[in-house]
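Inside the fold
Listed here are the chains, written in short residue letters.
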Amino acid sequence: MADMAVHARGLYDFAGDHDNGELTFSAGETLTIVAQDIGEGWWEAKNEAGQQGLIPEAYVQLLEPPEPSFPPPPPPSAPATDHSGAGDWNVQQSAGDDWNARQSAAAGDWNNDAWNSHATDSWGDQAPAPSYTNHNNAGLNNQGFQGGGMQQQASEEGWDDDWDDDNEDNSSNSTTNTSQPAESKPDGPGATPTEQDQLPGSGNFGLSAAKRERKQMSQNSDFSKYGTVKKSFNRFSTFAKTGGDAFLMGTVSANVSESDLIKIIDTPEGPAWSYPSQPYTCSIKSPKKESKLKGLKSYIAYQLTPSFSNIQVSRRYKHFDWLHERLEAKFSCIPIPPLPDKALSVSFGSLSTQGVKGGRYEDDFVSERMRQLQLWVDRMVRHPVISQSEVFNHFLTCTDEKGLAKWKAGKRKAEKDEYQGGKFFLTLQTPPNCLDMRDVEKRMEIFCKFVKNMDDNMRNMLQIGHDSRKKHLGPYKREFQKIGGSFKQLADTFNLDSGAHSQNLTAAIDYTGDTYNEIGDMYEKQPKEDLDHMLEVLFEYKGMLSTYPDVLKLHEGAIGKAKECERLKDEGRMPESDVTAVIQRSDVISYGTLAEMNHFQRERVTDYKEMMQKYLSGQIKFYREITQKLETALHRFDNA
């Protein structure tokens, strides 16, 4: 049978980045198109040598498919002559249907395994979920809020109907149980399969479950020219899918309202976000176990109170997860710190969540997760862009008193935000000065090395800190108590001498033994006073640093595209005016990236100053108390 694949011919030469999964081809070369829906502006293709990779759609032209040839029809079951020719026509018509089916499959094959393995980054980005109506909860969907309190079960049931997940255990950030209860399916020959039946995924409503794994920067990984980690991240892959490539090439535009503009200013330290004149805070308190569906499902609700309104709103963990997803989708050049793990597998402070009894409703477990969510919210409200964004404001302010319709409207608006991904750069209002590309690249190179080295530092310090913590809880305490026990045993022996001249010495030695036992107890309790806070800051920054490679690769891709356009101009294949416009738009991406780098460094200085002050203050207080105890024991020997 003839080749039924879709072919294209190269219009221009394209030097692809092999490390980023791109395919190099020449003008006039014929390619086999593997997938056409990779993202806006990119296809996947294979050359005659069998090499496969991404190609820019604008660089190729589809060729007309050859007329298909088909095998002869099977012989008729009975000897009969069809003089009308209808039988041949029916066969050809059936074959044509087969050709259409093949074409439809080829055009829609964007969700094949090759694409999933090629384009999915370490956050597990997925296609937007189709709308879904849960007919089992249809009655609840029509319920309004009963009264003004978030604690009323009726309002909670209506509040959560519009969310993708009815069970907190199955949120996209969970790394544990992802199973769903079986739903009733229609029976009988005339039954229509539900959407749940038609979707192949194992996650909620048949969708593939989101996978939120913290990204790792391994010392053994490959590096780009800036020293950033090379991931399964094709140049412009995420950028192009969200319209970023179209932004850079000037094929999209929008009349951004004044309220949507985000201002970047020039400072002595470089480009910086314009900080709000009235910063605010947000507290998370009063976690409470609640239920829905008449007690069939339970969850923990946290009460959030922003300082600018002092109005309390109730949020569950999966609401935080939704917010995190929306922030990641919208802000291309802003690394969004990961949420605390669903299972709280790593924790510092008074609670070690390993082996906590009672599950996720245990009081200590709930309090610890609330504390870590508070740290995450604190980080968000201090960000000059995120804290002022509409989606974040909606999350902090929309209560059940405003009605389910208002919450749904804000949620849908955030999910359909036209300024997401690459189009986010349309909202940036940058200084009029053009950036020196060489200066930008130098800054980026230094910062990328800084991020990589800092990540290595965090891992090293965390390991040393964990070892020190273990020693405080075990060996240090035991060593001091061994010394204390030896002094106590010596005092017991001296007590055998009942003479008056020996009693004061014996009492002083016994007191010294008690002192060393107390010092051992102090070592066990001390990490909560200084070391745990330092470890928590280190762990938070380790998570933040893990989100930077994608942002840096996005910027590197934008600069690479601008350079490619300059090369085309030098070869006379792209007008100078178009190249100038591309460079100006790449400056917008650079301004946003540099502004975020500036914010990160400001936050780092503030956080690490406070961390070191608290740690050293705790250490000084600790050793001062030890010194005082030893001095008191020493004075006991003055009258011995």
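The structure presented is a predicted model; accordingly, all values stated were derived computationally and were not measured.

1. Observations regarding the overall build of the protein chain
A count of helices and strands for the protein chain gives 17 helices and eleven strands. In the protein chain, which comprises 640 residues, the share counted as buried stands at 43%. Element-wise, carbon and sulfur atoms account for 50% of the exposed surface of the protein chain, whose accessible area totals about 32800 Å².

2. With respect to unusual backbone geometry
Positive phi values are uncommon outside glycine, yet serine 286 reaches one of about 50°. Relative to the helices and strands, serine 286 is located in strand S8 (residues 282–292). Positive phi, close to 55°, is recorded for asparagine 310, a residue that is not glycine. Here asparagine 310 lies in the loop between strand S9 (297–306) and strand S10 (313–315).

3. Things to note about helix H12 (residues 437–473)
The terminal C-alpha atoms of H12, which comprises 37 residues, lie 53 Å apart, in line with the 54 Å expected from a rise of 1.5 Å per residue. At the N-terminal boundary of H12, the capping side chain belongs to aspartate 436, with an oxygen 3.0 Å from the backbone nitrogen of arginine 438.

4. Section: the packing of helix H8 (residues 317–330) against helix H9 (residues 363–381)
Relative to each other, H8 and H9 sit at 30°, their axes nearing to 12 Å. One finds that H8 runs roughly parallel with respect to H9. As for the relative orientation of H8 and H9, their crossing is left-handed in sense. The segment H8 lies against H9, with Tyr317, Phe320, Leu323, His324 and Leu327 engaging Arg369, Leu373, Trp376, Val377 and Met380. For the contact of H8 with H9, a count of residues per class yields eight nonpolar, one polar and one charged.

5. Topic: the packing of aromatic side chains
Counting across every chain of the model gives 23 aromatic pairs. Relative to phenylalanine 308, the ring of tyrosine 280 has its centre 4.8 Å away and its plane inclined at 90°; by these criteria the two rings are edge-to-face. Highlighted residues: tyrosine 280 in the loop between strand S7 (270–273) and S8 and phenylalanine 308 in the loop between S9 and S10, separated in sequence by 28 residues. Residue tyrosine 280 is classed as buried on the basis of its relative accessible area, which comes to 10%. Exposure remark for phenylalanine 308: the relative accessible area of 41% places this residue in the partly exposed category. Relative to tyrosine 548, the ring of phenylalanine 447 lies with its centre 5.4 Å away and its plane at 65°, an arrangement referred to as edge-to-face. Of this pair, phenylalanine 447 sits in helix H12 while tyrosine 548 sits in helix H16 (residues 548–570), and the two are 101 residues apart along the sequence. A single burial state applies to phenylalanine 447 and to tyrosine 548, both of which are buried. Ring-pair connections join several aromatic residues into one group, and the members of that group are Tyr476, Phe480, Phe487, Tyr516, Tyr523, Phe622 and Tyr623.

6. Here we look at the nonpolar core
Of all hydrophobic cores here, the largest spans 72 residues; its most connected members are Ile55, Trp273, Leu304, Phe320, Leu327 and Trp376. Sorting elements by how many residues they give to this core places H9 first, with seven residues. Excluding residues within four positions of it along the chain, phenylalanine 320 makes contact with Ile284, Leu304, Arg315, Leu339, Leu373, Trp376, Val377 and Phe395. If you look at the next biggest cluster of nonpolar residues, it comprises 24 residues, including Met454, Leu538, Met544 and Leu552.

7. With respect to a nonpolar patch on the surface
Taken together, Met612, Leu616 and Ile620 make up a surface patch of nonpolar side chains, about 260 Å² in accessible area. Turning to its location among the elements, isoleucine 620 is positioned in helix H17 (residues 576–635).

8. Here we look at the packing of H12 against H17
The N-to-C vectors of H12 and H17 enclose an angle of 35°; their axes lie 12 Å apart at closest approach. As H12 packs across H17, the resulting crossing turns out to be left-handed. Of the residues in H17, those in contact with Val440, Arg443, Met444, Phe447, Phe450, Met454 and Met458 of H12 are Ser590, Thr593, Leu594, Met597, Phe600, Gln601, Arg604 and Tyr608. Residues belonging to the contact of H12 with H17 are distributed by class as follows: ten nonpolar, three polar and two charged.

9. Things to note about the confidence of the model for the protein chain
Considering every residue of the protein chain, the mean pLDDT works out to 75; 67% of them sit at 70 or more. Predicted confidence is poor over residues 78–159, with pLDDT under 50, and the contacts of this stretch with residues over four places away or in other chains come to 117 contacts. The low-confidence segment residues 161–236 (pLDDT under 50) makes 189 contacts with residues lying over four places distant or belonging to another chain.

10. Thoughts on the environment of cysteine 282
As for its position among the elements, cysteine 282 is in strand S8. For the pair cysteine 282 and glutamine 312, spaced 30 residues apart in the sequence, the C-alpha separation amounts to 10.0 Å. Excluding residues within four positions of it along the chain, cysteine 282 makes contact with Leu304, Thr305, Pro306, Gln374, Val377, Asp378, Val381 and Leu396.

Definitions and cut-offs
Residues numbered from 1 in each chain as written. Predicted model: local features only at pLDDT ≥ 70, side-chain atom pairs only at ≥ 80, totals over all residues. Heavy atoms only, no water. Helix = DSSP H or I, 4+ residues; strand = E, 2+ residues; numbered from the N terminus. Buried < 20%, exposed > 50% of the residue type's maximum accessible area, 1.4 Å probe, protein only. Areas by Shrake-Rupley, 256 points an atom, 1.4 Å probe, with all protein chains shown as cover. Expected span 1.5 Å × (residues − 1). Polar contact = N/O pair within 3.5 Å; in protein donor to acceptor, adjacent residues only side chain to side chain. Axes fitted to C-alpha atoms, helices over the stretch in contact; angles between N-to-C directions. Parallel < 35°, antiparallel > 145°, perpendicular 65-115°, else oblique. Left-handed = near helix turned anticlockwise from the far one by under 90°. Contact = heavy atoms within 4.5 Å. Nonpolar A, V, L, I, M, F, W, Y, C, P; charged D, E, K, R; others polar. Phe/Tyr/Trp six-rings, centres within 6.5 Å; stacked < 30°, edge-to-face > 60°. Core = buried A, V, L, I, M, F, W, Y, C linked by side-chain atoms within 4.5 Å. Patch = residues over 30% accessible without salt bridge, like charges linked within 9 Å, V, L, I, M, F, W, Y side chains within 5 Å. Salt bridge = Lys/Arg side-chain N within 4 Å of Asp/Glu carboxyl O. pLDDT = per-residue confidence, 0-100.

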